[in-house]
Amino acid sequence: MKISVIGTGYVGLVSGTCFAQMGNGVVCVDVDEKKIEKLNSGIIPIYEPGLEEMVKENYKLGTLKFTTDIKNAVENSEICFIAVGTPMGEDGSADLKYVLAVAKSIGEYITKPLVVVDKSTVPVGTADKVRAVIEAELARRGAKVDFSVVSNPEFLKEGAAIEDFMKPDRVVIGADNDEAMKIMRELYAPFTRSHDRFIGMDIRSAEMTKYAANAMLATKISFMNEIANICERVGADVNKVRIGIGSDSRIGYSFIYPGCGYGGSCFPKDVQALAKTAKDYGYVPRILDAVEAVNYDQKKVLPAKVIKRFGENLEGLVFAVWGLSFKPETDDMREASSITLIKELVSRGAKVVAYDPKAVHEAKEHYLKDVAVEYADNKYDAVNDADAMILVTEWKEFRSPDFYELSSRMKQKIIFDGRNQYSAEKLKELGFEYYQIGVAQ
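Residues numbered from 1 in each chain as written. Predicted model: local features only at pLDDT ≥ 70, side-chain atom pairs only at ≥ 80, totals over all residues. Heavy atoms only, no water.

So, about the overall build of the protein. Along the backbone of the protein there are 18 helices and 14 strands. When the backbone C-alpha atoms are referred to their principal axes, the protein occupies close to 75 × 50 × 40 Å. Put simply, the protein has 441 residues, and 53% of those count as buried. Sequence-distant contacts, at least 24 apart, represent 73% of the contacts inside the protein between residues at least 6 apart. About 20,100 Å² of surface is accessible on the protein, with carbon and sulfur atoms providing 50% of the total. Between the averaged position of the 57 positive side-chain charges in the protein and that of its 65 negative side-chain charges there is a distance of 2 Å. (Helix = DSSP H or I, 4+ residues; strand = E, 2+ residues; numbered from the N terminus. Buried < 20%, exposed > 50% of the residue type's maximum accessible area, 1.4 Å probe, protein only. Contact = heavy atoms within 4.5 Å. Areas by Shrake-Rupley, 256 points an atom, 1.4 Å probe, with all protein chains shown as cover. Lys, Arg positive; Asp, Glu negative; His and termini not counted. Charge placed at Lys NZ, Arg CZ, Asp CG, Glu CD.)

All right, on to the side chain of Asn 225 then. Note on placement: Asn 225 falls in helix 9 (residues 203-234). With a relative accessible area of 2%, Asn 225 lands in the buried category.

One open sheet holds the 6 strands; their spatial order is 11-10-9-12-13-14, and the pairing between them is parallel. Each end of this open sheet is capped by a strand with a single partner; those strands are strand 11 (373-375) and strand 14 (433-435). Here the average twist between neighbouring strands, direction ignored, is 20°. Pairing geometry for strand 12 (residues 388-391) and strand 13 (residues 414-417), over 3 bridges, is parallel. Counterpart to Ile 390 in the pairing with strand 13 is Phe 416. (Pairing = 2+ DSSP bridges. Axes fitted to C-alpha atoms, helices over the stretch in contact; angles between N-to-C directions.)

Right, let's talk about the pairing of strand 1 (residues 2-6) for a bit. Here strand 1 lies mainly inside the structure; 4 of its 5 residues are buried. Of the strand pairs in this sheet, strand 1 and strand 2 (residues 25-29) are connected by 5 bridges, and their pairing is parallel. Across the sheet, residue Ser 4 finds its bridge partner in strand 2, namely Val 27. For the crossover that starts at strand 1, traverses helix 1 (residues 10-21) and ends in the parallel strand 2, the hand is right-handed. Bridge count between strand 1 and strand 4 (residues 79-82): 4 bridges; the pairing is parallel. Bridging across to strand 4, Ile 6 finds its partner in Ile 82. (Right-handed = clockwise from strand over helix to strand, strands pointing away.)

Inspection of every chain in the model, using the stated rule, returns 18 aromatic pairs. Pairing Phe 19 with Tyr 188 gives two aromatic rings, centres 5.5 Å apart and planes at 65°, and the pair type is edge-to-face. Here Tyr 188 lies in helix 8 (residues 178-188) and Phe 19 lies in helix 1, a separation of 169 residues in the sequence. With respect to class, Phe 19 is no different from Tyr 188; both count as buried. (Phe/Tyr/Trp six-rings, centres within 6.5 Å; stacked < 30°, edge-to-face > 60°.)

The subject of this paragraph is the nonpolar core. Counting residues in hydrophobic clusters, the biggest one holds 40 residues, and the most contacted among them are Phe 19, Phe 81, Met 184 and Tyr 188. Listed in part, the 38 residues of the second largest apolar core include Cys 231, Val 306, Val 352 and Ala 354. (Core = buried A, V, L, I, M, F, W, Y, C linked by side-chain atoms within 4.5 Å.)

The next subject is unusual backbone geometry. Phi is positive for Glu 335, which is not a glycine, with a value near 60°. Position of Glu 335 among the secondary structure elements: in the loop between strand 9 (318-322) and helix 14 (337-347). Glu 335 sits in the partly exposed class, given a relative accessible area of 40%. The phi dihedral of Asn 420 is positive, around 50°, even though this residue is not glycine. Within the fold, Asn 420 resides in the loop between strand 13 and helix 18 (424-429). Given the relative accessible area of 13%, Asn 420 is considered buried.

This part takes up the packing of helix 9 against helix 10 (residues 238-246). With their axes 9 Å apart at the nearest point, helix 9 and helix 10 run at an angle of 135° to one another. As far as their axial angle goes, helix 10 and helix 9 are oblique. The way helix 9 lies across helix 10 gives a crossing that is right-handed. Between helix 9 and helix 10, the residues in contact are Met 224, Ile 227, Ala 228 and Cys 231 and Val 238, Val 241, Arg 242 and Ile 245, respectively. Partitioning the contact of helix 9 with helix 10 into residue classes produces 7 nonpolar, no polar and 1 charged. (Parallel < 35°, antiparallel > 145°, perpendicular 65-115°, else oblique. Left-handed = near helix turned anticlockwise from the far one by under 90°. Nonpolar A, V, L, I, M, F, W, Y, C, P; charged D, E, K, R; others polar.)

Okay, the side chain of Ser 325 next. Locating Ser 325 in the fold gives a position in the loop between strand 9 and helix 14. Only 2.7 Å separates the side chain of Ser 325 from the backbone oxygen of Lys 327, close enough to count as a polar contact. Every residue in contact with Ser 325, bar those within four places of it in the chain, is listed here: Thr 330, Asp 331, Asp 332, Met 333, Ala 336, Asp 356, Ala 359, Thr 393 and Trp 395. (Polar contact = N/O pair within 3.5 Å; in protein donor to acceptor, adjacent residues only side chain to side chain.)

Right, let's talk about helix 15 (residues 360-367) for a bit. Listed as buried for helix 15 are Val 360, Glu 362 and Ala 363. Buried residues along helix 15 cover an arc of 160° about the axis, so they all sit on one side. Buried residues along helix 15 sit in contact with strand 11. (Arc of directions from axis to C-beta.)

Now for the pattern of salt bridges. Evaluation of the coordinates by the stated rule reveals 28 salt bridges. The salt bridge involving Asp 164 is made with Lys 157; its shortest N-O contact spans 2.9 Å. Residue classification places Asp 164 among the buried residues on the basis of a relative accessible area of 14%. Under the relative-accessibility criterion, Lys 157 is labelled partly exposed at 39%. For Asp 248, the salt bridge identified is with Arg 250, shortest N-O distance 2.7 Å. The network of salt bridges with shared partners includes Lys 104, Glu 108, Glu 137 and Arg 140. (Salt bridge = Lys/Arg side-chain N within 4 Å of Asp/Glu carboxyl O.)

Next up, the structure:
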């Protein structure tokens, strides 16, 4: 099939590349000329395992192209995906200005039947707005062209997006006519051949499914963090509690690991956007509001532990921070817990030396560019003369460090573990002070 993908951010680039991998002809479009120049030069703007190799392979084959020419892309497409950003507004709602701007361009340039697909995460009712904008442009042109608007929410996990797209748990399609549903089923057939994971439904239900899924996962995380905070106060060990409840098949072990709060491009934004939608329709979403409030406070837990141990004034102290990205296998620092932690430590006079396998560039250029942070080339150099090491992101290379090496390099043998990765018994034997989430000290 001939496909255009408008927006070469995380979702657009991964989606377009995976569609090309299955033999479709894909044109990815972006208004950012520098980004398109880099993509045409083989420079990938994001880190995602396996993506760079797949982009280069399909670009070489000619099945994947990059351009700023939206007119040509729309005119030559059978399916057009809208995959631009929906940043969070000041009131928590999803800002649809980029989505609707693309819809306007589609209305300007559409010349033959087209399936328009909302791939961006958008509130319930967005498909109606997209359709109205396209229809308005067609009316302005005095043109009549058949088109359908479809909802196809993405369920990609950063760090495993290629695997998720190529072997999806489910493909959710919301459509209001059989022909559009048939076209989308054909498009996704190669991805669901071994198991029929194609789920068709109405458009509004599909739009809601994405928000409900992310809100559910965020709820599990905030619930477990709340349990961790209670455990700490009553003298229980949340690590043991997690095993005890996870063995129940109705609960399971996924997303019940205590930590220092969720971040990223999806959970914070989507929980707030869904809550705003509920309020717009006259319903107060008490659970969603609580999920977000718990997460906001959870990002303060690590700095609070540091302050409790060292005092309010951190001048003259050195802290090594392991992990900057909001999760492993990505360079994404949006809403990362590391930002809250580092800003708090630096504001109190501490020296921070950070290390992350992939996200240092993002920290320097964007999220911590105005914060006095030093960056190490590896995890061991980060702890030189450190008064404490603070683990924020559970990268694989942090799972089994050489604690004897840490002991020889650190000024004080103190570890704050924001992901409960290590053995308290082993660290105690080695003479470390060890602080976890959800365990009384």
